[in-house]
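Chain by chain, the residues:
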Amino acid sequence: MINYNPKDWFTFIFHIHKADTFRKLWPLMLSVAIFSAFISFLELHVFKLSKSDYVSNIGMMHSLLGFVISMLLVFRTNTSYDRWWDGRKLLGALTNVSRNFAMKIKALNLPENDTRFFEYGIPKYAFALKEHLREKKYFGKNSFLIEVEGTKHIPNQIASSMISRLYELTSQNLISQEQLIVLTNDVNQFTDICGGCERIKNTPIPFSYSVFIKKFIFIYVLTIPIGWVFSLGYYLVLIVPFILYVLASLELIAEEIEDPFGEDANDLPVDVICNNIEKHVEEILSK
């Protein structure tokens, strides 16, 4: 995730960051500029059309469809941002439940080995969830404390190990039944958070909807020179790529943030959050 000063307008306007959509779109913008120049040359010099020809009325279509495409893009970006923000809330909940669970374990004054088990297990769950959402495997340091199988759901294995440890402590009369219920609820929240993150990860925007927007933008931009050449002439070579940049950038931004757990520039700071969980849990449980 990019950290920035929202009040620094000069940097925003004149600096092209590596995450800027211009870097991805400039080949397509250049192609559209060449296409616009070619259409302008054909209509003005080869076919020698004028404003009196019916082709000049194609611009009316863009006026009518401009509102439609703007509504589609607004809905697209809002939907993607909702997914991004929902992911951030889930990661915030993961941080809170990790701290709360660690504080309760600390208050129990368990034997050293049991305390060290949870000091390792709580942040291990966060790191395992991060790698799981990125479709990677995570075993972690000191993996002998909680052994996992790479072919199975690793976060579930870690949560199951913590639940089993709590039941063992109950059978040893180190924690009461009431305390077991409270602590089990915290571990259940880990699984609930994992399920919420998986819902975002595994449910992309419907394919047909995404394809339609891309085709709509492409056709809309390519037909602009046909009708607007009589009013703008060769200025189309600059205007049409700019229109493409604005419309396609919204779609690219929506694509990037709809899966917020990856490693793109605008994704959530999952690595930082996991490192903070590890740091805070260690601070709470260390003696």
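Data block above holds the structure.
Given the structure is predicted, the values throughout are model-derived calculations rather than measurements. Here the residue numbers are simple positions, counted from 1 along each chain's written sequence. Restriction of local features to residues with pLDDT of at least 70 applies here, the model being predicted, together with a cutoff of 80 or more for giving and counting side-chain atom pairs; totals for whole chains, interfaces and linings are based on all residues. Each side-chain value is worked out from all heavy atoms of the structure, with water and hydrogens disregarded.

Topic: the packing of helix α3 (residues 59-107) against helix α4 (residues 112-133)
α4 packs onto α3 with a crossing angle of 170° between their chain directions and a minimal axis gap of 10 Å. The orientation of α3 with respect to α4, classified from their angle, is roughly antiparallel. Contacts between α3 and α4 involve L94, S98, F101, A102 and I105 on the former and, on the latter, F118, I122, Y125, A126 and L129. By the convention adopted, Pro, Cys, Tyr, Trp, Phe, Met, Ile, Leu, Val and Ala count as nonpolar, Lys, Arg, Asp and Glu as charged, and the other residues, Gly among them, as polar. Here the contact of α3 with α4 is composed, by residue class, of 9 nonpolar, 1 polar and no charged. For helices, the fitted line uses only the C-alpha atoms of the stretch in contact; every axis is such a line through C-alpha atoms, and the angle between N-to-C directions lies from 0 to 180 degrees. Only DSSP runs of H or I covering at least 4 residues are called helices, and only runs of E covering at least 2 are called strands; the numbering of each starts at the N terminus. Should an angle lie under 35 degrees it is considered roughly parallel, over 145 roughly antiparallel, and from 65 to 115 roughly perpendicular; all remaining angles are considered oblique. In what follows, residue pairs with any heavy atoms lying within 4.5 Å of each other are defined as contacts.

Brief notes about α4
In this analysis, the expected span of each helix is defined as 1.5 Å times one less than the number of residues it contains. Compared with an ideal rise of 1.5 Å per residue, which puts 22 residues at 32 Å, α4 spans 32 Å between its outermost C-alpha atoms and is within 8% of the ideal. A 1.4 Å probe rolled over the protein chains alone gives each residue an accessible area, and that area as a share of the maximum for its type sets the label: buried under 20%, exposed over 50%, partly exposed in between. With 18 of 22 residues buried, α4 is to be regarded as a mostly interior element.

A short note on a nonpolar patch on the surface
A cluster of nonpolar side chains, namely F22, W26, L30 and I34, defines an oily patch on the protein surface of about 420 Å² accessible area. With respect to the helices, strands and loops of the structure, W26 is situated in helix α2 (residues 21-46). Patch membership needs two things, relative accessible area over 30% and no salt bridge, and members are linked within 9 Å if like-charged or within 5 Å if nonpolar (Val, Leu, Ile, Met, Phe, Trp, Tyr). Here the open area of atoms and residues is found with the Shrake-Rupley method and a 1.4 Å probe, where only the protein chains shown may cover a residue. Salt bridge criterion: a side-chain nitrogen from Lys or Arg within 4 Å of a carboxyl oxygen from Asp or Glu.

Some points on the environment of K89
Within the element layout of this structure, K89 appears in helix α3. Separated by 96 residues in sequence, K89 and N185 have C-alpha atoms that sit 19 Å apart.

Focus: the side chain of T170
Within the secondary structure, T170 sits in helix α5 (residues 154-171). On the accessibility criterion, T170 (12% relative accessible area) is buried. What qualifies as a polar contact is a pair of N or O atoms within 3.5 Å, subject to a donor-acceptor requirement within protein and to the restriction that residues adjacent in sequence count only when both atoms come from side chains. Reaching out from T170, the side chain makes a polar contact with the backbone oxygen of L166 at a distance of 2.9 Å. Not counting residues within four places of it along the chain, the set of residues in contact with T170 comprises I175, Q177 and L180.

A word on the pattern of salt bridges
In this structure the tally under the stated criterion is 17 salt bridges. D86 is the partner of R199 in a salt bridge, and the nearest nitrogen-oxygen pair spans 3.0 Å. Of this pair, R199 sits in helix α6 (residues 177-202) while D86 sits in helix α3, placing them 113 residues apart in sequence. We classify R199 as partly exposed; its relative accessible area is 45%. Residue classification places D86 among the partly exposed residues on the basis of a relative accessible area of 21%. Residues joined by salt bridges that share partners form a network here, namely K130, E131, R134, K136, E263 and D271.

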